[in-house]
Amino acid sequence: MRTLVLVGSANFTYTWCPLARRPFFTLSVRHRPKLKFSTSSDKACRSYIDEECDEDFLPWLEQKACTKISSTLSIGKSAHGRALYASKPIQAGDCILRVPYSVQLAPDNLPPEICSLFGDEVSSVSKVALLLLHEQKMGQKSEWAPYIRRLPQPFEMHNTIFWSDDELEMIRQSVIYQETIKQRNHIEKQFMAIKPATDQFPQCFEDVSLKDFAYAHALVTSRAWESSRGVSMIPFADFLNHDGTSEACLMSHEGKQLSEVIAERDYSPGDQVLISYGKFSNSSLVLDFGFTVPYNIYDQAQVELNIPQHYHLFQMKLELLQRFKAPAIKDVNEFSSSEKLFTIKEVKFASKKGRGIPQSFRAFACVLCSNAQELSDLESEAAQSDGRLARSPLKNKSREIEAHELIHSKITEQINEYDACIKSLGPSTSQNLVRKHALRRQMAHDLLSGELRVLKSASAWLKKYCATLLEG
């Protein structure tokens, strides 16, 4: 979750809040339905509109907020869940919705007597999840009932934490496999951390289980925005679906105490209105949001490279890498590159600059392949410059080639594993199995295919680079 503050010329501050986590499904921009609000086709196009939600939910929210939320958007139904559609012509630059802070669910909505029982380890996400559980327990007595009952049900959630062991096996090659396990462990620890509150207030949280908490936690991570209040659930705004190429986003206006969306382009009546949740790869989307996109330009892959203990000069190489350790760099999914695990982005051209091949990855391989004198040279060079190893190619051309061939062999090995994994996702012979797992099988395919594309682009660059060195 990230926050960027933009200061305007009129002495007010906007906080740009990309959807920290967002709805369980989305339509890609190529497949969104278009409605035509003409007299002759009004009946047909209205079939896309969620009549009950459009006529009941927004009036309830506006009454609660004591202000107009939107005059240009209608709540519609798509093949994958609710969405927002233009009910009137919208021009780029128009403000299409405003949601006051007063009708947003945030940690400070929890009663102080409950919050006082939490330690520092309880996250904002967990606090809002507990708030949702409390409101759910109240049923129709909750002042948020119209919103709570329109949240996705557990069977509609497709975040990887809900995948079965067999389904997770489909993505074992991806780093998201281990990240899913970490997320499950994190949720369990958070559940234990909130137990003092649930135990002391059984009338509010009767029979809340780990399964209940995991569901509520996923609702927050898939729908909330980061804000000055922590993490906020923003009714109506969270019906907006994702387009990775969109420049529109949700902004929070601290001075006016509201969140709003400004249209980035023109919309005709019936167009689905989309915003960007952020520059997320499919690994992040499937973990936190529960969906993937078929071709994600932000996809990336992770490659692990270790120093085997039997390597010549093992201790010297290990100490050198630790002394000149590159700072951990977080990718868009908040996964960190370390001296052993490297995040690779797609290499879109074959130049000598190594775009998409982390410099720290190449330096690691150079250290692995160097002799004692070369290690000493690398140490001196790093100490005299910015502290990073192998900023320039090794003077020994054959050693430079050897280092990059080492990376290439590791990536080739991973490519073969991905190929085999994708082939295993072939169509099932059981119709029942297809109906039950087809969606997650497709997500697995999108995830693995995107990461495989990144690996193949890196492989192509490495082959070209080594060939260029041999020709030189």
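Scroll up to find the structure.
Let us look at the structure shown here. (Residues numbered from 1 in each chain as written. Predicted model: local features only at pLDDT ≥ 70, side-chain atom pairs only at ≥ 80, totals over all residues. Heavy atoms only, no water.)

1. A closer look at the packing of helix H11 (residues 314–323) against helix H13 (residues 372–384)
Running from amino to carboxyl end, H11 crosses H13 at an angle of 10 degrees, the nearest separation of the two axes being 11 Å. Regarding the angle of H11 to H13, the classification is roughly parallel. Where H11 approaches H13, its residues Met 316, Lys 317, Leu 320 and Arg 323 are matched on the opposing element by Ala 372, Leu 375 and Glu 379. Tallied by class, the residues present in the contact of H11 with H13 amount to four nonpolar, no polar and three charged. (Axes fitted to C-alpha atoms, helices over the stretch in contact; angles between N-to-C directions. Helix = DSSP H or I, 4+ residues; strand = E, 2+ residues; numbered from the N terminus. Parallel < 35°, antiparallel > 145°, perpendicular 65-115°, else oblique. Contact = heavy atoms within 4.5 Å. Nonpolar A, V, L, I, M, F, W, Y, C, P; charged D, E, K, R; others polar.)

2. Topic: unusual backbone geometry
Despite not being glycine, Phe 236 shows a phi value in the positive range, around 75 degrees. Tracing the sequence through the fold places Phe 236 in the loop between strand S7 (230–232) and strand S8 (241–242). Phi at Gln 257 is positive, roughly 55 degrees, even though this residue is not glycine. Inspection of the secondary structure puts Gln 257 in the loop between strand S9 (250–253) and strand S10 (258–262). Relative accessible area serves as the criterion here: at 42%, Gln 257 is assigned to the partly exposed category. (Buried < 20%, exposed > 50% of the residue type's maximum accessible area, 1.4 Å probe, protein only.)

3. Focus: helix H4 (residues 124–138)
End to end, H4 covers 21 Å across 15 residues, agreeing with the expected 21 Å (1.5 Å per residue, within 8%). Residues Val 125, Ser 126, Val 128, Ala 129, Leu 130, Leu 131, Leu 132, Leu 133, His 134 and Glu 135 constitute the buried set of H4. As for H4, its buried residues are in contact with helix H3 (112–115), helix H5 (145–148), helix H7 (176–200), helix H8 (202–205), helix H9 (210–223) and S7. Gly 139 lies just past H4 and shows a positive phi near 60 degrees. (Expected span 1.5 Å × (residues − 1).)

4. Regarding the pattern of salt bridges
One pass over the structure, following the stated rule, counts 17 salt bridges. In this structure, Lys 195 engages Asp 199 in a salt bridge whose closest nitrogen and oxygen atoms are separated by 3.4 Å. Of this pair, Lys 195 and Asp 199 are both found in helix H7, four residues apart, which corresponds to roughly one turn of the helix. Between Arg 453 and Asp 299 there is a salt bridge whose closest N-O contact spans 3.9 Å. Highlighted residues: Arg 453 in helix H15 (residues 431–471) and Asp 299 in the loop between helix H10 (282–289) and strand S12 (300–304), separated in sequence by 154 residues. Overall, the relative accessible area of 18% leaves Arg 453 in the buried class. For Asp 299, a relative accessible area of 3% corresponds to the buried category. A single salt-bridge network, built from bridges that share partners, covers Asp 56, Arg 149 and Arg 150. (Salt bridge = Lys/Arg side-chain N within 4 Å of Asp/Glu carboxyl O.)

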